[in-house]
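What follows is each chain in one-letter form.
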Amino acid sequence: MQFARIRDGVLSIGAGIAPWFRHAVLGIAAVSLASGFAARFAGAYDIAELIWIAGTVPVLAALIGEIIVSLRRGDVGLDIVAALAMAGALLLGENLAAIVVALMYAGGQFLENYAERRAGREMTALLSRVPRTALRLRNGGAEEVALEDIVPGDRILIRKGDTIPVDGDVAVGNALIDQAALTGESVPVRPAIGDPVLSGGTNVGEVFEIVASRPASESTFAGIVRLVEEARKSKAPMARLADRYAMVFLAITVVMAGGAWLLSGEAVRALAVLVVATPCPLILAVPVAIVSGMSRTAHIGVLVKGGKALEVLARIRSLVIDKTGTLTHGRAQLIASASAEGLDPEEALRLGASLDQASKHIVAQALVSEARARGLELAMPEDVSEFVGRGLEGTVEGRRVIVGGHEFVERTIGSPAPLPPEGIASGAATIAVAIDGVIAATFVLADELRAGTSDLLDSLRREGVARIVLASGDRQDVADRIGEGLRLDAVHGDLSPDEKIEIVRKERGRGPVMMIGDGVNDAPALASADLGVSMGATGAAASAEAADVVILVDSLARILPAMRIAKRARMIALQSVFVGIGLSFLGMIAAALGYLTPVQGALLQEGIDVAVILNALRALRAGPEASLGKARKAAVN
């Protein structure tokens, strides 16, 4: 971890050399140790001592350079202990101990760097998939252009194996898209003609075409990449806590070393204490465990922007949640229908949806989606007239079709529509369809609760969430209907963005608050919460920017395994710290009492360091508590 900063400090020797500098220092120390032993076995004791000194000096010089840079930044790290141990060993003629400390220190830094690279592999995979060009179809041919040249409306050819470069809508072809790297979904999706597709997915089927809906800079994948880069730059608060306590540990180490020297009169005991304290697991295990946890959440389709967010996620006590797009799907679905006697409601739905293809109204698009989901073959409408906010009139397959609200359709044809089924919930929309002057059917559309939501909220309570509050901008009666059957502590409707912020602030008095939302109006509350979570797959860009955590797949259930992963990563980090520091103190006491030589102390401490790093890497593996089984069941609908 510390060697990574050398590139910015005294030993900055060019961007091309810095990546292999750590390998070179480790190699020098290893070769020096082996060569010194060879010389010693050959009887050349003085030469062996010189070789060990020569191998220690480069590592010590690099370390001193790093310490100077850190001190200038105001950082006091435990690398000072390592420098004191190496320098003290050279001054006391304990050259074997010096080279062992140098080798183990360089090796520990190399191992930590490897562990962090291994932990960050999932997020690095996202960055490596960023396409640079796209095949744009124009004037009857295809041309390869840079992504920044793509504008909305451009037709893009997606070949088999291509990463989708921009967000768009399927225009031609039978698309089959693998979104595993983007959302964690293992099963490829098959969007229909006209369905939206997100950038970052991979075409695993045949060639198809999309019409770009956004510039590449505003695409879903570009936003995710920006979030990943933010996450990789973040430093966890536990790591900052470790830095603050580094001064305390350094003081204790110096006092113990000085006390051992004064009481025994043997400087070698002080050296042994310093060696055992080099370096401290406090600065090794925490970042590895935190980055590992962030990697695991990315693997299941939940992007955590930084270590701080991961730690807060593990300590949530209150949840404030929006309704539309979070507890519900965020889009109207057909929940009931009624038809005139002798008329086929499926045929009425097909003709009505065919006409609604000409409208961008959210209710019209919901009727179209329902018809397509049922496998109904839609026809192209003709002579369409749209009466904004009321309905449409046009011709479908030679038949006169009218679709819209009850009053509009009844007034247009002069006869009453079939009554909708009884018990329709508040907030539902009723749509009438008339065919050739006869009202054929009435359809009821509503934004329904996601399947498995009640079980999910109960599971969150078992994870330590004491209060769950619904905060919605919808009417109070609509919010109350959604809250029925859910164990909610409070239900608030008719809220403005400012009022949502006030609810978040009130809940904060009970502990860390998590806010989950997806709309632009949720962004202020997401930013004000201790942890903001955005439904990034379907939500607004503003909410994703304001949030600390972005759920990349349209499944609220993913927050449950993400919370479990965060708790596990935090537990492993703390476990590594407490065990590592405890063992280090025991070793320091043994060294102060003369039971450990400097060489033995160096080997013991580096064994502790390797153990805590390997333990921290356990956070990278999927534990049974992070299973997606229940989450996927809850996300079926």
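All right, on to the overall build of the chain then. A count of helical and extended segments in the chain gives 23 helices and 21 strands. Burial analysis of the chain (637 residues in total) assigns 52% to the buried set. Taking contacts inside the chain between residues at least 6 apart in sequence as the whole, the part at least 24 apart equals 68%. Approximately 27,300 Å² of the chain is accessible, and the part contributed by carbon and sulfur atoms is 57%.

The next point concerns the environment of Ala87. Topologically, Ala87 is positioned in helix 3 (residues 79–91). The exposure class assigned to Ala87 is partly exposed, which follows from its relative accessible area of 27%. Along the chain, Ala87 and Leu271 lie 184 residues apart, while their C-alpha atoms are 9.5 Å from each other.

Bringing the nonpolar core into the picture now. Judged by nonpolar contacts, the single largest core of 97 residues is most densely connected at Leu319, Leu460, Met514, Ile516 and Leu531. Discounting chain neighbours no more than four positions away, the residues touching Leu531 are Ala309, Val312, Leu313, Ile316, Val513, Met514, Met515, Asp548 and Val549. Leu351, Ala366, Ile431 and Ile435 belong to the second largest nonpolar core, which has 24 residues in total.

Further remarks concern the sheet that holds strand 11 (residues 333–339). Spatially, the six strands line up as an open sheet ordered 11-16-15-14-13-12, and their pairing is antiparallel. Of all the strands in the sheet, just strand 11 and strand 12 (382–387) have a single pairing partner and so form its edges. In this sheet, adjacent strand axes meet at a mean angle of 20° when their direction is disregarded. Note that strand 13 (residues 391–396) and strand 14 (residues 399–404) share six bridges and pair antiparallel. Looking at strand 14, one finds that Thr395 is bridged to Arg400.

Right, let's talk about the pairing of strand 2 (residues 141–146) for a bit. The pairing of strand 1 (residues 133–138) with strand 2 spans six bridges and is antiparallel. Residue pairing across strands places Ala134 opposite Val145, the latter belonging to strand 2. Joining the antiparallel neighbours strand 1 and strand 2 is a turn of two residues, in which Asn139 adopts a positive phi near 55°.

Attention now goes to the confidence of the model for the chain. On average, residues of the chain score 79 in pLDDT, and 79% of them are at 70 or above. Every residue in residues 1–19 scores below 50 in pLDDT, and together they form 36 contacts with partners more than four places removed in sequence or on other chains. Counting contacts from residues 626–637, a segment whose pLDDT is below 50, to residues more than four positions away or on other chains yields 18 contacts.

Aromatic ring pairs are defined here through the distance separating the ring centres and the angle between the ring planes. A complete count under the given rule lists three aromatic pairs for this structure. On the basis of an interplanar angle of 70° and a centroid distance of 5.5 Å, the ring pair of Phe37 and Trp52 is categorised as edge-to-face. Separated by 15 residues along the polypeptide, Phe37 in helix 1 (residues 18–41) and Trp52 in helix 2 (residues 45–72) bring together distant segments of the chain. Plain terms: the ring middles of Phe387 and Phe408 are 5.3 Å apart, the flat faces sit at 50° to each other, and that makes the pair tilted. Pair noted here: Phe387 is in strand 12 and Phe408 is in helix 15 (residues 406–413), with a separation of 21 residues, a long-range link. A relative accessible area of 6% means that Phe408 is categorised as buried. Linked through ring pairs, Phe37, Phe41 and Trp52 together constitute an aromatic cluster.

Right, let's get into the pattern of salt bridges. Counted under the stated rule, the structure contains 23 salt bridges. For Glu311, the salt bridge identified is with Arg570, shortest N-O distance 4.0 Å. A residue pair is termed long-range when its members are at least 10 positions apart, and Glu311 in helix 11 (residues 307–313) and Arg570 in helix 21 (residues 559–592) qualify at 259 residues. Judged by its relative accessible area of 6%, Glu311 falls in the buried class. Through salt bridges that share partners, Arg136, Arg138, Glu143 and Asp154 make up one connected network.

About the cut-offs
Residues numbered from 1 in each chain as written. Predicted model: local features only at pLDDT ≥ 70, side-chain atom pairs only at ≥ 80, totals over all residues. Heavy atoms only, no water. Helix = DSSP H or I, 4+ residues; strand = E, 2+ residues; numbered from the N terminus. Buried < 20%, exposed > 50% of the residue type's maximum accessible area, 1.4 Å probe, protein only. Contact = heavy atoms within 4.5 Å. Areas by Shrake-Rupley, 256 points an atom, 1.4 Å probe, with all protein chains shown as cover. Core = buried A, V, L, I, M, F, W, Y, C linked by side-chain atoms within 4.5 Å. Pairing = 2+ DSSP bridges. Axes fitted to C-alpha atoms, helices over the stretch in contact; angles between N-to-C directions. pLDDT = per-residue confidence, 0-100. Phe/Tyr/Trp six-rings, centres within 6.5 Å; stacked < 30°, edge-to-face > 60°. Salt bridge = Lys/Arg side-chain N within 4 Å of Asp/Glu carboxyl O.

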